[in-house]
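Letter by letter, the chains look like this.
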Amino acid sequence: MLTRLGLNPGAVNTFHFFAYSITFGGSLYYSYVISPLVFKKLPREEFSNLQNQVFPTYFIGQVIGPIVIGLSSPSKLCPFTTGLLALSSLGGLINYYWLLPVCRTIKEERNKLVAAKLDKDDKGELTEEFKQLNKKFGIYHLLSTFVNTTAILELGIYGWVLSRKIKI
């Protein structure tokens, strides 16, 4: 696509590999290095606030990154690689437009219970309502993690297919 704009093949290859590296590497690094590390180091509320700030940009990056990769491909994409990029981008869309808002709503409901001191009973045990919200959040968070992991895996498979085309 970019070669049609008059860019030489070397520039297109460089841009393509840069876009792929940022999208795949950034997603992998944030999801499996930075996020778990920060989870261990920050108090729960601070971690949650940080993720609330990061995730919208992260998920939009998951949507746009595969599109840029596809548009900058130095060679014609086959249906398989197009599908991988499309599914990866779809994962970002699902997380951004569906799972992120659901998880935020659940967290807001939990925060309201904590603020009203309705999260624990007289014995200091979590209330049934709070437990149900925790369970519901856990389900949606697990689903979001699965979608995110699948999107990253699809990018990894795309990279493997791409590497098979490189002639050394």
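Here's what I pulled together on the structure shown here. Bear in mind that the values here come from a model prediction, so they are computed numbers and not experimental data.

1. Points about the overall build of the chain
Here's step 1: Along its length, the chain carries four helices and zero strands.
Here's step 2: Reading the chain from its N terminus to its C terminus gives the helix and strand order α-α-α-α.
Here's step 3: For the chain, the C-alpha radius of gyration of 20 Å lies well beyond 15 Å, the compact-globule estimate for 168 residues.
Here's step 4: Out of the 168 residues in the chain, the part that is buried amounts to 33%.

2. Let's talk about the side chain of S144
Here's step 1: On the secondary structure map, S144 appears in helix α4 (residues 128-165).
Here's step 2: A relative accessible area of 12% means that S144 is categorised as buried.
Here's step 3: Beyond its immediate chain neighbours, meaning those up to four positions away, S144 contacts F59, N95 and L99.

3. Considering the side chain of T81
Here's step 1: Its place among the elements puts T81 in helix α3 (residues 79-115).
Here's step 2: The buried category is assigned to T81, whose relative accessible area is 1%.
Here's step 3: Excluding residues that lie within four positions of it along the chain, T81 makes contacts with Y158 and V161.

4. Re unusual backbone geometry
Here's step 1: A positive phi angle is found at K117, which is not glycine, with a value near 55 degrees.
Here's step 2: A relative accessible area of 68% places K117 in the exposed class.

5. Quick look at empty space enclosed by the protein
Here's step 1: Tallying each qualifying case throughout the model produces one cavity of 30 Å³ or more.
Here's step 2: Within this model, the largest cavity holds a volume of roughly 40 Å³.
Here's step 3: Taken together, S73, S75, L77, T81, Y158, V161, L162 and K165 make up the lining of the largest cavity.
Here's step 4: The element contributing the most residues to the lining of the largest cavity is α4, with four residues.
Here's step 5: Residues of the lining of the largest cavity, tallied by class, amount to four nonpolar, three polar and one charged.

6. Some words on the packing of aromatic side chains
Here's step 1: For the coordinates displayed, the defined rule picks out nine aromatic pairs.
Here's step 2: Each ring, one from Y20 and one from Y158, has its centre 5.9 Å from the other, and the planes form 50 degrees; the classification is tilted. Here Y158 lies in helix α4 and Y20 lies in helix α1 (residues 9-41), a separation of 138 residues in the sequence.
Here's step 3: Seen from their ring centres, Y30 and Y58 are 5.6 Å apart, and the 45 degrees between their planes marks the pair as tilted. Here Y30, found in helix α1, pairs with Y58, found in helix α2 (residues 44-71); they are 28 residues apart in sequence, far enough to count as distant.

7. Side note on α2
Here's step 1: Relative to the 40 Å expected for 28 residues at 1.5 Å per residue, α2 spans 40 Å between its end C-alpha atoms, a close match to the ideal helical length.
Here's step 2: The largest bend along α2 reaches roughly 35 degrees and is located at V54, with the proline P56 sitting one to four residues downstream.
Here's step 3: For α2, the set of buried residues is F47, S48, Q51, N52, P56, Y58, F59, Q62, V63, G65, P66 and I69.

8. Digging into the nonpolar core
Here's step 1: A19, Y20, I69, L84, L85, L155, Y158 and L162 form the largest nonpolar core, which has eight residues in total.
Here's step 2: Counting only elements with at least two residues in this core, the list comes to α1, α3 and α4.
Here's step 3: Looking at which element gives the most residues to this core, the answer is α4, with three residues.
Here's step 4: Once residues within four sequence positions are removed from consideration, I69 is found in contact with H16, A19, Y20, T23, L85, L155 and Y158.
Here's step 5: The next biggest cluster of nonpolar side chains, apart from the first, holds six residues, and it includes C103, L113, F130 and F137.

Rules and cut-offs
- Residues numbered from 1 in each chain as written.
- Predicted model: local features only at pLDDT ≥ 70, side-chain atom pairs only at ≥ 80, totals over all residues.
- Heavy atoms only, no water.
- Helix = DSSP H or I, 4+ residues; strand = E, 2+ residues; numbered from the N terminus.
- Rg over C-alpha atoms; globule rule 2.2 N^0.38 Å.
- Buried < 20%, exposed > 50% of the residue type's maximum accessible area, 1.4 Å probe, protein only.
- Contact = heavy atoms within 4.5 Å.
- 1 Å grid on protein atoms, 1.4 Å probe; cavity = no way out; pocket = protein on both sides within 12 Å on 5 of 7 lines; lining within 4 Å.
- Points joined across faces, edges and corners; volume = space filled by probe spheres on them.
- Nonpolar A, V, L, I, M, F, W, Y, C, P; charged D, E, K, R; others polar.
- Phe/Tyr/Trp six-rings, centres within 6.5 Å; stacked < 30°, edge-to-face > 60°.
- Expected span 1.5 Å × (residues − 1).
- Bend = angle between axes of the 7 residues up to and from the residue.
- Core = buried A, V, L, I, M, F, W, Y, C linked by side-chain atoms within 4.5 Å.

Worth remembering: the numbers are spatial, not functional.
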